[in-house]
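Understanding the architecture of this molecule
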Amino acid sequence: IQKIAFLSRKKNSINAYNILKDLSSAVAPLMKESNLKITLLTEFYPNNKSLLGLNYNSGQKICLRLRSPFDENTFLHFTEILSTLLHELSHNFHGPHDNKFYNFLSHLNERLYQIQKLGSY
């Protein structure tokens, strides 16, 4: 992950920055292992309340919703955001939500669990 950006005009923006840094640390071993790259990891707060993340150009830019869609001052749980990040990382290799995509996402989830279990990050 080359660069992190957050919504600096929102309250508790330093929390958003810290969440993005923690996410970066959590997925770093997995990304290295799978040769995944993100140029920009950024916070966004879309009007579409069901939208949790977007991946542009296979990791050139990944946007994550960090805050509740119903209260921008409340952050989502870290594990929920991490799950969204893994979903978006899967789009680096597989665009459509097909069997290949979900198989790769399952692989990433399993590997992250194994890495965390071993305390590698």
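The structure displayed is predicted, hence computed values, not measured ones.

To continue, consider the overall build of the chain. Of regular secondary structure, the chain possesses three helices and six strands. The order of α-helices and β-strands along the chain, N terminus first, is β-α-β-β-β-β-β-α-α. For 121 residues, the compact-globule estimate of 2.2 N^0.38 gives 14 Å, and the chain sits close to it at 14 Å. Over its C-alpha atoms, taken along the principal directions, the chain stretches across nearly 35 × 30 × 25 Å. In the chain, which comprises 121 residues, the share counted as buried stands at 39%. Here the contacts in the chain between residues at least 6 apart in sequence split such that 53% fall between residues at least 24 apart. For the chain, the accessible area works out to roughly 7,100 Å², and carbon and sulfur atoms hold 49% of it. On the chain, the mean spot of the 14 positive side-chain charges and the mean spot of the 9 negative ones are 7 Å from each other.

Turning our attention to the packing of helix α1 (residues 13-34) against helix α3 (residues 99-118). The contact between α1 and α3 brings their axes to 10 Å, and the two run at 125°. For the element pair α1 / α3, the angle class is oblique. The two elements α1 and α3 meet at a crossing, and its hand is right-handed. Contacts from Ala26, Pro29, Leu30, Glu33 and Ser34 of α1 reach α3 at His107, Leu108, Arg111, Leu112 and Ile115. When the residues that make up the contact of α1 with α3 are grouped by side-chain class, the tally is six nonpolar, two polar and two charged.

Conventions and cut-offs
- Residues numbered from 1 in each chain as written.
- Predicted model: local features only at pLDDT ≥ 70, side-chain atom pairs only at ≥ 80, totals over all residues.
- Heavy atoms only, no water.
- Helix = DSSP H or I, 4+ residues; strand = E, 2+ residues; numbered from the N terminus.
- Rg over C-alpha atoms; globule rule 2.2 N^0.38 Å.
- Buried < 20%, exposed > 50% of the residue type's maximum accessible area, 1.4 Å probe, protein only.
- Contact = heavy atoms within 4.5 Å.
- Areas by Shrake-Rupley, 256 points an atom, 1.4 Å probe, with all protein chains shown as cover.
- Lys, Arg positive; Asp, Glu negative; His and termini not counted.
- Charge placed at Lys NZ, Arg CZ, Asp CG, Glu CD.
- Axes fitted to C-alpha atoms, helices over the stretch in contact; angles between N-to-C directions.
- Parallel < 35°, antiparallel > 145°, perpendicular 65-115°, else oblique.
- Left-handed = near helix turned anticlockwise from the far one by under 90°.
- Nonpolar A, V, L, I, M, F, W, Y, C, P; charged D, E, K, R; others polar.

Treat this as a map of the structure, not an account of what it does.
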